[in-house]
Structure formats: C-alpha cells, structure tokens
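Observations on chain architecture
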Amino acid sequence: MRTKTHQSFNIKFLLFGVFLAFVLLFLLRSNLSDSKESKNKTTLLSPKTLNPLVSKDSSTEPTNDTKNCPQTCTKIPRSLAQTLIHYTTSTITPQQTLKEISVSARVLEKKSPCNFLVFGLGHDSLMWSALNHGGRTVFLEEDEAWIEQIRRRFPMLESYHVTYDSKVNEADNLMDVGNGPECTAIGDPKISMCQLALKGLPGLVYEVKWDLIMVDAPTGYYEEAPGRMTAIYTAGMMARNREEGETDVFVHDVNRVVEDKFSKAFLCEGYMKKQEGRLRHFTIPSHRDGSERPFCPSLE
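Structure report, in brief. (Residues numbered from 1 in each chain as written. Predicted model: local features only at pLDDT ≥ 70, side-chain atom pairs only at ≥ 80, totals over all residues. Heavy atoms only, no water.)

A closer look at the overall build of the chain
Across its full length, the chain carries 11 helices and seven strands. Looking at the 300 residues of the chain, the share that counts as buried comes to 39%. Sequence separation of at least 24 residues holds for 64% of the intrachain contacts in the chain that already meet a minimum separation of 6. (Helix = DSSP H or I, 4+ residues; strand = E, 2+ residues; numbered from the N terminus. Buried < 20%, exposed > 50% of the residue type's maximum accessible area, 1.4 Å probe, protein only. Contact = heavy atoms within 4.5 Å.)

Written out as structure tokens, the structure is:
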C-alpha cells in the first residue's frame, strides 16, 4: 500500500508540474502576441500609413493634442457627414433621377478624386462634391441670389457666378454659326473666334484640366431664357483642347430640342457612350495628342 501510494504521489506531482509549465508557457506567448499586435496597430494607424486623401482633409487631420489617438484617424470627414445628414433629412428631390445620377456616379467611382466642372448649382450639388471627395468640384451658376443662398447653407462648395449672352430663341442661328471653320478649329475657348465659345468664365475654368464636365445649366426651358448652346459647345472644346487623355461630358435635359441637337452636333454622336432617361454621357478624347482626328468621328 505504501509503495503504491508513493508512486501515485509521484505521478500526481509530475502531472502538476507539466500543467504549471504549460500555463506559464501560455501566459508568456499571450504577452508576446499582445505586444506584437499592439505594435502592428500602432504602425497601421500611424499618420504615415494613412490614406493621403483623408489626411489632406483639414476637418479630419489630427490636432497636436489628439494626433496619437487612433480614433481620430477613422472619423468620417465632416463634409461627408454633413452630406449624409442633409440628404437624410431633406424633403427636396434632386432634379436627376436615380438612374440618371448612377451614370455619372459610376464614372466618378473610377476617376475620383478628380477635377469635376458642373454648369449649374442645385439641390444635387452637395452630392456631386461628396462623390468626388478629395478632388476639386467647381459649380458655375447664373443666379447670384441662389449662389448666396447655397453658400450660407453649404460654405464648403466652390461656386462662381457666370453670365450667358445667348438665349434659347437664338439656337438655330448659333447652330449655323457652329458649322464654320472658326468653330471647328481646336483651341482654347477663352481666345476662340467662335461665337459659341464662352470667353467670360472665371480664369481657373480655362486653366484646370477637367476630367468630368456636367452641363445642367443655364435655365434653358423657355424662349427668352439663357440657353445651353454655348455651355455644351465650350465643354466639348475644353475636352478636345486638353493635351492628352479624355474627358467625360454629361448633358442633362436632352429631351429638350437645344440640348438634344447641340450635344449631338458638338459633343458628337460618335463619342456618346450612354443615354439614360434625360442624361447623355459622352467620352471625348484629346485632339492635341498627335492623332489626326476629325471634329466628330464617323458613325460607321
């Protein structure tokens, strides 16, 4: 009995020793793993490894007091937060339908952050700016009072007042003018001899290489209103005049005569990629990249 008891005691003592060693090894490995994970998190969330588009947004850039706090690196930008709140609580519907908006949104998804020029300032402007987060979105508007109203509500939007010296009832005459050699010659619209070219836009409009252009203004829905003839023509010439690459141009309200005829004539049916509802999408290549291109490509 004594011998059996002694052997049993030795086995128990051995098992206890093995268990204790296992626990100590487990605790040691856990500490090492936690230390390594903490180090990795610090590296991943350091300012040097953050998305540069987020770090450039002054509304999300950490201050001296909080730059070491990982939470400040994952906050949604203030501009996007305001956009979400606005459209969640607004009862005003943008002029474009969901399907029409989706056409431009898909292009923005591929190209943003980019340079986006919009003829018109409306209820959808905050959306376009948010979809091009990190890029530059510029709005051109004919109504000064409306610009001030929007600026008070959304000061983050970049908008400029412009004037148009042509009216809808002049469209037929301007279409004939557009067929002249001075209007099909490729060059800077600012110094163009073509009557259709807009020459009084803010200087930055001619200086920036626009990746997307949306024509949704001026008014254009009655005879005495400013028409979109010059805006459509100028958008097409800006696209052709860039040194290289291509520009996506969108025209809204193509159910109207002016928008229909002028987009086909000066943005060209051969460059049209898609029509969804009242929106047309054109992709216009550079005409200064060394390729000898006609003003409009053949439809064959």
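Focus on the packing of helix H10 (residues 229-241) against helix H11 (residues 257-268)
Contact pair H10 / H11: the axes reach a minimum separation of 9 Å and the direction vectors enclose 20°. Relative to H11, H10 is oriented roughly parallel. In this structure, H10 crosses over H11, and the sense of that crossing is right-handed. Residues Met229, Ile232, Tyr233, Gly236 and Arg240 of H10 form the contact with H11, whose own contacting residues are Val258, Glu259, Phe262, Ser263, Phe266, Leu267 and Cys268. Of the residues in the contact of H10 with H11, the class split is eight nonpolar, two polar and two charged. (Axes fitted to C-alpha atoms, helices over the stretch in contact; angles between N-to-C directions. Parallel < 35°, antiparallel > 145°, perpendicular 65-115°, else oblique. Left-handed = near helix turned anticlockwise from the far one by under 90°. Nonpolar A, V, L, I, M, F, W, Y, C, P; charged D, E, K, R; others polar.)

Re the packing of aromatic side chains
Under the defined criterion, the tally for this structure stands at four aromatic pairs. Relative to Tyr222, the ring of Tyr221 has its centre 5.2 Å away and its plane inclined at 70°; by these criteria the two rings are edge-to-face. By relative accessible area, Tyr221 is classed as exposed at 60%. A relative accessible area of 43% places Tyr222 in the partly exposed class. Ring geometry for Phe262 against Phe266: centres 5.6 Å apart, planes inclined by 40°, an arrangement best described as tilted. One end of the pair, Phe262, and the other, Phe266, are both in helix H11, four residues apart, so they sit about a helical turn from each other. Phe266 matches Phe262 in its accessibility class, with the two residues each being buried. (Phe/Tyr/Trp six-rings, centres within 6.5 Å; stacked < 30°, edge-to-face > 60°.)

Some points on the packing of helix H7 (residues 171-178) against H11
One way to put it is that H7 packs onto H11 with a least axis distance of 11 Å and a crossing angle of 5°. For the element pair H7 / H11, the angle class is roughly parallel. Across the interface between the two elements, Ala171, Leu174, Met175 and Gly178 of H7 pack against Val258, Lys261, Phe262, Ala265 and Phe266 of H11. Broken down by class, the residue content of the contact of H7 with H11 amounts to seven nonpolar, one polar and one charged.

Things to note about helix H4 (residues 98-111)
Taking 1.5 Å of rise per residue, 14 residues should cover 20 Å, and H4 covers 20 Å from first to last C-alpha, within 8% of that figure. The inward-facing, buried residues of H4 contact strand E1 (115-119), helix H5 (125-131), strand E4 (212-215), strand E5 (246-252), strand E6 (272-276) and strand E7 (279-285). (Expected span 1.5 Å × (residues − 1).)

Some points on the sheet that holds strand E3 (residues 158-161)
Spatially, E3-E2-E1-E4-E5-E7-E6 is the arrangement adopted by the seven strands of the open sheet, whose pairing is mixed. At either margin of the open sheet sits one strand with a lone partner, and together these are E3 and E6. Across this sheet, the average inter-strand angle for adjacent strands is 15°, counted without regard to direction. Two elements, E6 and E7, share four bridges in a ladder whose sense is antiparallel. Its bridge partner being in E7, Gln275 is matched across the sheet by Arg280. Against the sheet, H4 contacts E1, E4, E5, E6 and E7, and its axis sits at roughly 165° relative to E5. (Pairing = 2+ DSSP bridges.)

Remarks on the pattern of salt bridges
Inspection of the entire model under this criterion finds 15 salt bridges. Its salt-bridge partner being Arg278, residue Glu100 comes within 3.5 Å of it at the nearest N-O pair. Residue Glu100 is found in helix H4, and its partner Arg278 is found in the loop between E6 and E7; the two are separated by 178 residues along the sequence. Between Asp253 and Arg256 there is a salt bridge, and its shortest N-O distance comes to 3.8 Å. For Asp253, a relative accessible area of 9% corresponds to the buried category. The structure contains a network of salt bridges with shared partners spanning Glu100, Asp216, Arg228, Asp253, Arg256, Glu259 and Arg278. (Salt bridge = Lys/Arg side-chain N within 4 Å of Asp/Glu carboxyl O.)

Quick notes on the state of the cysteines
Evaluation of the coordinates by the stated rule reveals two disulfides. Shown here is the disulfide that connects Cys183 with Cys194, its sulfur atoms set 2.0 Å apart. Since a negative S-S torsion denotes a left-handed disulfide, the Cys183-Cys194 link at about 90° is right-handed. One end of the pair, Cys183, is in helix H8 (residues 181-184); the other, Cys194, is in the loop between H8 and helix H9 (203-207), with 11 residues separating them in the sequence. Residue classification places Cys194 among the buried positions, given a relative accessible area of 0%. The connectivity of the disulfide bonds within the chain can be written as 1-2, 3-4, using the sequence rank of each bonded cysteine. (Disulfide = S-S within 2.5 Å.)

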